[in-house]
Amino acid sequence: LSTMEKIQNMINASEDDLASSQPPIRARGMVSLGRLARGYLGLLGPNQQKPNLVVELESETLNQDATDTFVEEVIRLSMKALLDEESYVYLAAVQTIVAIGDLQPRKVLPVLADVVARGKVNFKKSAEMTCSDEQRVKVAEALMFIIRRRATPDEYLEKLTNLMAFGSREKIGIPSN
């Protein structure tokens, strides 16, 4: 199997787990996604040892479309898990969002800021998701974890500030970069 096929199989297995009626199975799905996002399974880098606290995905490991799909799927499934009533499921979802934010901050931080500001997630490959206030609070928690762990939000500061203050760039009439 190719790297992308292995990743897709893990995403599919996690989605199946999240559909379970049993909370421990749902939690397992989120924990598996979190491990995948952290690269513990050897899928994200052939020479990668146990990753540091913050590791960005190497661009040559997966092509851009595969990386975008991976990030989108992890965020989509994590957002669904944030609605779970079991704390160990939604807390695993928060940690999974943090892990994918560490891995791909340029893609994830603006998405999370947009969720907090507008309550919506726009996906390229699936429908827009409207988030509850409860999800927005949990996403804000994940966003704060990512910003604190990175300790250098300077390159994202303007974009995050604008998104948090005004919502999406389209909403206030500013063209996308």
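Residues numbered from 1 in each chain as written. Predicted model: local features only at pLDDT ≥ 70, side-chain atom pairs only at ≥ 80, totals over all residues. Heavy atoms only, no water.

1. Looking at the confidence of the model for the protein
Taken as a whole, the protein shows an average pLDDT of 79; of its residues, 74% reach a score of 70 or greater. This stretch, residues 50-60, has a pLDDT under 50; its non-local contacts, to residues over four places away or in other chains, come to 21 contacts. (pLDDT = per-residue confidence, 0-100. Contact = heavy atoms within 4.5 Å.)

2. Concerning the nonpolar core
Grouped together as the largest cluster of nonpolar side chains are 39 residues, with contacts concentrated most on Met30, Phe70, Ile75, Met79, Ile100 and Val121. Breaking this core down by element, the ones donating at least two residues are helix 1 (3-18), helix 2 (23-38), helix 3 (64-81), helix 4 (87-103), helix 5 (105-118) and helix 6 (133-150). The element best represented in this core is helix 4, accounting for nine residues. Setting aside residues up to four positions removed in sequence, isoleucine 75 forms contacts with Ile100, Val108, Val111, Val121 and Phe123. (Core = buried A, V, L, I, M, F, W, Y, C linked by side-chain atoms within 4.5 Å. Buried < 20%, exposed > 50% of the residue type's maximum accessible area, 1.4 Å probe, protein only. Helix = DSSP H or I, 4+ residues; strand = E, 2+ residues; numbered from the N terminus.)

3. Overview of the side chain of arginine 26
Checked against the element boundaries, arginine 26 lands in helix 2. Within polar-contact distance, the side chain of arginine 26 engages the backbone oxygen of serine 21 at 3.1 Å. The residues touching arginine 26, leaving out its near neighbours within four places in the chain, are Asp17, Leu18, Ser20, Ser21, Asp84, Glu86 and Val89. (Polar contact = N/O pair within 3.5 Å; in protein donor to acceptor, adjacent residues only side chain to side chain.)

4. A short note on the packing of helix 2 against helix 4
Viewed as axis vectors pointing N to C, helix 2 and helix 4 meet at an angle of 10°, and their least axial separation amounts to 8 Å. When the axis of helix 2 is compared with that of helix 4, the two are roughly parallel. Between helix 2 and helix 4, the residues in contact are Pro23, Pro24, Arg26, Ala27, Met30, Val31, Leu33, Gly34, Ala37 and Arg38 and Tyr88, Val89, Ala92, Ala93, Gln95, Thr96, Ala99, Ile100 and Leu103, respectively. Here the contact of helix 2 with helix 4 is built from residues that sort into 14 nonpolar, three polar and two charged. (Axes fitted to C-alpha atoms, helices over the stretch in contact; angles between N-to-C directions. Parallel < 35°, antiparallel > 145°, perpendicular 65-115°, else oblique. Nonpolar A, V, L, I, M, F, W, Y, C, P; charged D, E, K, R; others polar.)

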